[in-house]
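# Observations on chain architecture
The lines below spell out each chain.
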Amino acid sequence: MDRNDNCWCGSRKKYKNCHLKFDEKIKGMKYSWLLGQTKPPRHIINNEKDIEGIRASAVINNGCLDMVSEMVKAGVDTETLDQACYDYIVSRGGIPACLNYQGYPKSVCISLNNVVCHGIPSKSTILKEGDILNIDITTILDGYYADASRMFMVGRVSPEAEKLVRVTRECMELGIAAAKPWHFLGDVNAACGNHAMANGFSVVTALGGHGVGKHFHMEPYVAHIGEPNTGMLMVPGMVFTVEPMISAGRPEVDEDRKDGWTVTTKDGSLSAQWEKTILITESGAEVLAW
Ligand code: MF3
Ligand code: CO
Ligand code: CO
């Protein structure tokens, strides 16, 4: 790419005024093969327009999570929550990304207690006092995806459940705090996992976070366990989720999914998850969807 060409990021700026220095910095760094350090591919670097697109999608997604959080009460069935999310997103011009995604039948995922993730909302799943649940929502607006999930507790829950929900949130926050430009993704992976294990919990490794933006799931894969200073280099313009799934018992999940989706803990133990979509900036990470 010549200095005076239009930059590869699609900004319509000249390369010399856009990603030239960035490319030189990526090229100039040392990558340890032994530590599995890799360069980010160009197609996962977002320009200003892309970031504004994801931001706008996230406004709907954040609002939808705020809306549905008011509806979480004993006696409510999860299909009613799903329908409210569908209406909220569609009435604002968005599309619920989960709906019809690889055949997924509903607009959002609602995962109770021993369900790790991808719980399918249903009339027959009725919230009751003591339940903990995750509501995971992804919105598409003008082709841009924003993905986030939160935990909720119905009435009074057991002290163990409460601790699991709190520690899982801390895992996500510590992971996000470790997300910095020109550092490696292993810092994020390790920050999440170490906190979970220090609290006597286990990290689900069957699924993880992901790049997000122009697609639902793209590079990089974001594990929630790992070694600092390993994996992909984080650079400004990267957007990915941090979404630790933490179990109170063993980390294994049931591979035998009767409905093709619902992921449960193999030992029946409680599991929790929180998710945010973050943007790597020049100075750290900015949360876009929460
Ligand atoms: N929102 C989930 C994630 O965080 C993906 C759900 S896919 C579905 O990546 F099909 F199960 F909805
Ligand atoms: Co999600
Ligand atoms: Co996600």
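Predicted model only: the values in this text are computed from it and were never measured.

## Thoughts on the site of ligand 1
Lining the immediate surroundings of ligand 1 are 14 residues, of which Cys 98, His 210, His 217, Glu 243 and Glu 275 lie closest. Side-chain polar atom of His 217 to an oxygen atom of ligand 1: 2.8 Å apart, as the coordinates give it. Glu 275 has a polar side-chain atom sitting 3.0 Å from an oxygen atom of ligand 1. Against a free-state accessible area of 340 Å², the protein chains account for coverage of 97% of ligand 1.

## Focus: the coordination of the cobalt ion (ligand 3)
Each protein donor to the cobalt ion (ligand 3) is listed here as Asp 147 (OD), His 210 (NE2), Glu 243 (OE) and Glu 275 (OE); together their distances run 2.0 to 2.2 Å. Around the cobalt ion (ligand 3), the six donor atoms sit at angles spanning 51 to 160°, and that spread fits a shape best called irregular. The sequence pattern describing where the donors of the cobalt ion (ligand 3) fall on their chain is D-x62-H-x32-E-x31-E. In this model, the cobalt ion (ligand 3) sits 3.3 Å from the cobalt ion (ligand 2), the two metals being bridged by Asp 147. Taken together, the positions of His 210 in strand 7 (residues 209-211) and Glu 275 in the loop between strand 12 (271-273) and strand 13 (276-280) put the pair 65 residues apart, joining distant regions of the chain. Of the two residues examined, His 210 and Glu 275, each falls in the buried class.

## Brief notes about the coordination of the cobalt ion (ligand 2)
The protein atoms donating to the cobalt ion (ligand 2) are Asp 136 (OD), Asp 136 (OD), Asp 147 (OD) and Glu 275 (OE), with metal-donor distances spanning 2.0 to 2.4 Å. Each of the six donor atoms around the cobalt ion (ligand 2) contributes to a set of angles spanning 58 to 166°, which defines the coordination as irregular. Sequence spacing of the donors to the cobalt ion (ligand 2): D-x10-D-x127-E. Asp 136 sits in the buried class, given a relative accessible area of 10%.

## A few points about the sheet that holds strand 10 (residues 245-247)
Taken in spatial order, the three strands of this open sheet run 6-10-12, and their pairing is antiparallel. Looking at the sheet topology across the chains shown, the edges are occupied by strand 6 (202-203) and strand 12. Across two bridges, strand 6 lies against strand 10 in antiparallel orientation. Residue pairing across strands places Val 203 opposite Ile 246, the latter belonging to strand 10.

## Structural notes on the environment of Arg 42
Summarising the element assignment, Arg 42 is placed in the loop between helix 1 (20-28) and helix 2 (48-69). Contact partners of Arg 42, with chain neighbours within four places excluded, come to Trp 8, Tyr 15 and Asp 23.

## Let's talk about the state of the cysteines
Disulfides are covalent bonds that connect the sulfur atoms of two cysteines. Scanning all chains against the criterion turns up zero disulfides. Here Cys 85 is not cross-linked by a disulfide; its sulfur's nearest cysteine counterpart is in Cys 64, at 3.7 Å. Residue classification places Cys 85 among the buried residues on the basis of a relative accessible area of 1%.

## Considering the side chain of Asn 189
Position of Asn 189 relative to the elements: it lies in helix 5 (residues 186-198). If sequence neighbours within four positions are ignored, Asn 189 has contacts with Val 222, Ala 223, His 224, Ile 225 and Gly 226.

## Let's talk about the side chain of Thr 78
In this structure, Thr 78 sits in helix 3 (residues 78-91). Only 2.9 Å separates the side chain of Thr 78 from the backbone nitrogen of Ser 122, close enough to count as a polar contact. Setting aside anything within four residues of it in sequence, one finds Thr 78 in contact with Ile 110, Leu 112, Pro 121, Ser 122, Thr 125 and Leu 127.

## Structural notes on helix 5
Helix length check: helix 5 (13 residues) gives 18 Å between terminal C-alpha atoms against 18 Å at 1.5 Å per residue, within 8%. When we look at burial in helix 5, the residues that qualify are Gly 186, Asp 187, Val 188, Asn 189, Ala 190, Cys 192, Gly 193, His 195 and Ala 196. Remark: Gly 200 follows helix 5 within two positions and exhibits a positive phi of approximately 80°.

The rules behind the values
Residues numbered from 1 in each chain as written. Chains lettered and ligands numbered in written order. Predicted model: local features only at pLDDT ≥ 70, side-chain atom pairs only at ≥ 80, totals over all residues. Heavy atoms only, no water. Near = heavy atom within 4 Å. Polar contact = N/O pair within 3.5 Å; in protein donor to acceptor, adjacent residues only side chain to side chain. Areas by Shrake-Rupley, 256 points an atom, 1.4 Å probe, with all protein chains shown as cover. Donors = N, O, S within 2.8 Å, 3.2 Å for Na, K, Ca; no water. Tetrahedral: all angles 85-135°; square planar, octahedral: opposite > 155°, others 65-115°. Helix = DSSP H or I, 4+ residues; strand = E, 2+ residues; numbered from the N terminus. Buried < 20%, exposed > 50% of the residue type's maximum accessible area, 1.4 Å probe, protein only. Pairing = 2+ DSSP bridges. Contact = heavy atoms within 4.5 Å. Disulfide = S-S within 2.5 Å. Expected span 1.5 Å × (residues − 1).

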